[in-house]
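# A structural walkthrough
Letter by letter, the chains look like this.
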Amino acid sequence: QSQLLQSTDWMAISILIDDELPKSAPPNHAWQIYDHGTPVWQHRACLFNEYGEKVLTLLAKPKQTTFLQPRAALVEVANEWLYRGGGVGAVLDKLHWCCPFSVVGLSRLDLCMDFVPTPVQAEIIKGLSRKEYYVSGKRNKSEFCSAPTEQWVPPEWRGWCPHQQSWGHKTTQVKWKLYYKSKELRDNGGGWFDKPYIVDGWRHYGLDENNVWRLEVSMTD
């Protein structure tokens with residue numbers, strides 16, 4: 001059996017908030033408020049802890065209130081916090097220190113299973129590069145790429161197609177995705193590993209950092 005590492009990679013919580021932006025911060029914390037929001041939200045602010053690490057992003061005051069209440073806001077838990085922080089409850093406690101709010105529900109939740117493929121699993125992954133899977137994957141915006149020749153890539157993937165295969169359209173509420181996570185972090189890091197805290201977790205649990213694949217389910221609304 002392959003060794004598995006479970007994690008939460010994305011969490012966004014829908015809330016109702018009385019203030020457009022918090023006017024205070026927990027001890028040894030600080031807000032950074034940005035001039036521009038997003039296409040959906042007028043205000044965007046990030047809360048940082050005493051080590052300069054981002055804890056959460058708060059998006060507030062919707063630009064359109066047809067589908068969102070005027071008091072609606074969104075809390076995005078920082079990615080690094082999800083991997084080695086103090087849990088979601090601690091995030092909400094920090095925000096409650098700053099302003100009163102009520103939780104409406106989850107807006108998005110991504111759950112992940114990282115693993116080093118066994119020989120049987122590797123053959124299944126290679127089988128997903130067949131024409132029928134390739135065509136269905138492209139329809140769902142999956143990304144296919146040639147295997148790089150860098151020395152760090154395990155020999156079993158050279159010449160194959162490490163790829164991102166997804167099931168479920170981008171508009172569906174539940175989507176599955178299987179992809180070569182080691183390659184993604186290498187590509188995003190310019191040859192080094194992006195998000196080293198994820199790689200730290202792999203090393204801690206004995207996963208080969210160059211040969212990790214991820215099965216991910218994303219749930220929205």
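The following paragraphs examine the structure supplied in this document. What you are looking at is a predicted structure, and each value in this text was computed from that prediction instead of being measured.

## Here's the deal with the pairing of strand S8 (residues 163–167)
With four of five residues buried, S8 lies mostly within the body of the structure. In the sheet, S8 pairs with strand S9 (residues 174–179) via three bridges, with the strands oriented antiparallel. When the bridges of S9 are listed, Gln-165 appears paired with Leu-178.

## Re unusual backbone geometry
With phi around 60°, Lys-61 is a residue other than glycine that occupies positive phi space. Considering the arrangement of structural elements, one finds Lys-61 in strand S4 (residues 54–62). Lys-61 gets classed as partly exposed once you look at its relative accessible area, which sits at 30%. A positive phi angle, near 50°, is found at Lys-195, a position not held by glycine. On the secondary structure map, Lys-195 appears in the loop between helix H5 (181–188) and helix H6 (196–204).

## Digging into helix H3 (residues 119–127)
Residues spaced three or four apart along an α-helix point in a common direction, a consequence of the helix completing one turn every 3.6 residues. Where H3 is concerned, the buried positions are Ala-122, Ile-125, Lys-126 and Gly-127. Tucked into the core, H3 has its buried residues touching helix H4 (131–139), S8, S9 and strand S10 (213–220).

## Thoughts on the pairing of strand S1 (residues 4–17)
Across 13 bridges, S1 lies against strand S6 (residues 101–115) in antiparallel orientation. Bridge assignment links Met-11 to a residue of S6, and that residue is Leu-109. In the sheet, S1 pairs with strand S5 (residues 72–77) via five bridges, with the strands oriented antiparallel. The residue of S5 that forms the bridge with Ile-15 is Ala-73.

## What to know about the environment of Glu-132
Checked against the element boundaries, Glu-132 lands in helix H4. Its relative accessible area of 48% is what places Glu-132 among the partly exposed residues.

## As for the pattern of salt bridges
Opposite charge on two side chains makes pairing possible when the charged atoms of those side chains draw close. A full pass over the atoms with the stated rule returns 12 salt bridges. Two residues, Asp-200 and Arg-84, come together in a salt bridge whose shortest N-O distance is 3.7 Å. In this pair, Asp-200 sits in helix H6 while Arg-84 sits in helix H1 (residues 79–84), placing the two residues 116 residues apart along the sequence. A relative accessible area of 36% means that Asp-200 is categorised as partly exposed. Between Lys-126 and Glu-123 there is a salt bridge, with its nearest N and O atoms 3.8 Å apart. Here the residue Lys-126 and the residue Glu-123 both occupy positions in helix H3, the gap between them amounting to three residues, near one helical turn.

Procedures and definitions
Residues numbered from 1 in each chain as written. Predicted model: local features only at pLDDT ≥ 70, side-chain atom pairs only at ≥ 80, totals over all residues. Heavy atoms only, no water. Buried < 20%, exposed > 50% of the residue type's maximum accessible area, 1.4 Å probe, protein only. Helix = DSSP H or I, 4+ residues; strand = E, 2+ residues; numbered from the N terminus. Pairing = 2+ DSSP bridges. Contact = heavy atoms within 4.5 Å. Salt bridge = Lys/Arg side-chain N within 4 Å of Asp/Glu carboxyl O.

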